[in-house]
Amino acid sequence: MDEFTRAAAKRLTTRPPYDYQQISVRPLTPVIGAEVSGIDLSRKPSEEQLAELRHAFLTHHVLVFRDQRLTPSDHKRFARCFGELRRQQRAAGDDRDPEILDIRADQDSTFVDGNDWHTDGTADAEPSLGSMLYMTEPPAIGSGGDTMFANMHLAYEMLSPTMRGFLDGLTAVHDGLAPWKGYPPPADYVVPKSEHPVVARHPDTGRRLLFVNPGFTTHIVGLSAEESRALLDLLFNLVATKPLLSCRVHWTPNTLVFWDNRCTQHHAIWDYYPHSRYGQRVTINGSRPTA
Ligand code: SIN
């Protein structure tokens, strides 16, 4: 581990202890993820519980709640505690709930949502605050189908000061066509495309983070195509090659995971084919990232 990474990991994990009274919080790694227990999400959380959940969310970025029995309305009510819900674009005549996205894979799948490092919805002008995936049917084989999450504060902080200085002030294009990987999206899909700072500040904590991801970021503004590719590959490879940045969540039936899209990337690992996996995701609206 190089000196910058060691210093960054120490800086990020040195924080005063927090005395949770309403919930129990068990970190998954020092830098990202925590399992939360002592709360039933099928009931409206109290203000005291919400304050502690917010604190845990801003500290650990990914919260895992096990053994929750939730209806779609419970799921949406809990998500609304953190903001308005995003409405999915739906084709005319599709009468599924626009606030709920099915996450489904089975033996007929040729493609699975999220099977690559990405951050949900960064091509939107106002990318989302976070997502909540409620997994009712993890792969029946009993293993596989985990989701990895990476801490993009640490990804930024582990860079040398010279590289950080170079990145500060740059912007990058996030293109909603990128995940389609050359396949045409549905005819009535309005493709989002936005320019965001490469280094953004978390709106709640003010801390800096690397806001590019291989799912949506296509190029860095003001660089040649070759320079942009080389730099993006370097930044994308940080997440792909440094396990220190990430945690891995194993799904058991009725687990809800709430992650912060403003400072994490995730990768849903499709290693369970031909088994199936099913869950429902809701996404919470966010704001335009600032440099
Ligand atoms: C997603 O990318 O939002 C899906 C995550 C998952 O299936 O684990």
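Everything numeric here is computed off the predicted structure, so don't read it as measured data.

### What to know about the overall build of the protein
Each helix and strand in the protein was counted, giving six helices and 15 strands. Computed over the C-alpha atoms, the radius of gyration of the protein is 19 Å, within 12% of the 19 Å expected from 2.2 N^0.38 for a compact globule of 291 residues. Viewed in the frame of its principal axes, the protein has a C-alpha envelope of about 50 × 50 × 35 Å. Pairs at least 24 apart in sequence give 81% of the contacts found in the protein among residues at least 6 apart. For the protein, the exposed area adds up to about 14000 Å²; of that, 52% sits on carbon and sulfur atoms. Both charge centroids of the protein, one from 31 positive and one from 36 negative side chains, sit 4 Å from each other.

### Here's the deal with the pattern of salt bridges
This model, assessed by the stated rule, comprises 17 salt bridges. Between Asp102 and Arg104 there is a salt bridge, with its nearest N and O atoms 4.0 Å apart. Measuring nitrogen to oxygen at the nearest pair gives 2.9 Å for the salt bridge that ties Asp146 to Arg248. Separated by 102 residues along the polypeptide, Asp146 in the loop between strand S5 (130–137) and strand S6 (147–151) and Arg248 in strand S12 (residues 246–249) bring together distant segments of the chain. Among the residues examined, Asp146 registers a relative accessible area of 10% and is labelled buried. A relative accessible area of 46% places Arg248 in the partly exposed class. Through salt bridges that share partners, Lys76, Arg80, Asp97 and Glu99 make up one connected network.

### Some details on the site of the ligand
Around the ligand sit Ile103, Gly114, His118, Asp120, Leu133, Thr147, Trp259, His266, Ala268, Arg277 and Arg281, and those are all the residues in its vicinity. A distance of 3.5 Å separates an oxygen atom of the ligand from a polar atom in the side chain of Asp120. Within the side chain of Arg281, one N or O atom sits 2.8 Å away from an oxygen atom of the ligand. For the ligand, the protein covers 99% of the area, taking 260 Å² as the surface of the free molecule. Those elements that place two or more of their residues in the shell around the ligand are strand S14 (264–268) and strand S15 (277–284). Broken down by class, the residue content of the shell around the ligand amounts to four nonpolar, four polar and three charged.

### Focus: the sheet that holds S15
Ordered by their spatial adjacency, seven strands build an open sheet running S1-S2-S3-S13-S5-S15-S4, and the pairing between neighbours is mixed. Unpaired on one side and paired on the other, strand S1 (24–27) and strand S4 (101–105) mark the two borders of the sheet. Neighbouring strand axes in the sheet, compared pairwise and without regard to direction, differ in orientation by 25° on average. Here seven bridges tie S5 to S15, and the two strands are oriented antiparallel to one another. Across the sheet, the residue bridging to Gly130 is Ile284, located in S15. The strands that helix H2 (residues 47–60) touches are S1, strand S2 (34–37), strand S3 (62–65) and strand S13 (255–260); relative to S3, the one it contacts most, it runs at about 125°. Helix-sheet contacts for helix H3 (residues 72–80) involve S3, S5, S13 and S15, and the interaxial angle to S15 is about 35°.

### Regarding the sheet that holds strand S8 (residues 193–197)
Spatial strand order, S8-S7-S11: three strands in an open sheet with antiparallel pairing. In this open sheet, the two strands that pair with only one neighbour each are S8 and strand S11 (217–220). Strand-to-strand twist in this sheet, taken as the mean axis angle between neighbours without regard to direction, amounts to 30°. Across three bridges, the pairing between strand S7 (residues 171–175) and S11 is antiparallel. Bridge pairing in S11 links Ala172 to Ile220.

### Thoughts on unusual backbone geometry
In the segment running from Tyr273 into Pro274, the intervening peptide bond is cis, with an omega of 10°. Among the secondary structure elements, Pro274 is positioned in the loop between S14 and S15. With a phi close to 65°, Asn254 is a non-glycine residue in the positive phi region. One can find Asn254 in the loop between S12 and S13. Take Asn254: its relative accessible area is 10%, and that puts it in the buried class.

### Side note on the environment of Lys193
Mapped onto the secondary structure, Lys193 falls in strand S8. The exposed category is assigned to Lys193, whose relative accessible area is 57%. Expressed as a C-alpha distance, the spacing of Lys193 and Val173, which sit 20 residues apart in the sequence, is 7.1 Å. Ignoring anything within four residues of it in the chain, the contact list for Lys193 reads Ala123, Val173, His174 and Asp175.

### Some points on the pairing of S6
Along S6, five of the five residues are buried, which leaves the element largely enclosed by surrounding structure. Pairing of S6 with S12, which is carried by four bridges, proceeds in the antiparallel orientation. Bridged to Thr147 within S12 is Val249.

Rules of the game
- Residues numbered from 1 in each chain as written.
- Predicted model: local features only at pLDDT ≥ 70, side-chain atom pairs only at ≥ 80, totals over all residues.
- Heavy atoms only, no water.
- Helix = DSSP H or I, 4+ residues; strand = E, 2+ residues; numbered from the N terminus.
- Rg over C-alpha atoms; globule rule 2.2 N^0.38 Å.
- Contact = heavy atoms within 4.5 Å.
- Areas by Shrake-Rupley, 256 points an atom, 1.4 Å probe, with all protein chains shown as cover.
- Lys, Arg positive; Asp, Glu negative; His and termini not counted.
- Charge placed at Lys NZ, Arg CZ, Asp CG, Glu CD.
- Salt bridge = Lys/Arg side-chain N within 4 Å of Asp/Glu carboxyl O.
- Buried < 20%, exposed > 50% of the residue type's maximum accessible area, 1.4 Å probe, protein only.
- Near = heavy atom within 4 Å.
- Polar contact = N/O pair within 3.5 Å; in protein donor to acceptor, adjacent residues only side chain to side chain.
- Nonpolar A, V, L, I, M, F, W, Y, C, P; charged D, E, K, R; others polar.
- Pairing = 2+ DSSP bridges.
- Axes fitted to C-alpha atoms, helices over the stretch in contact; angles between N-to-C directions.

Read these as geometric descriptors, not functional statements.
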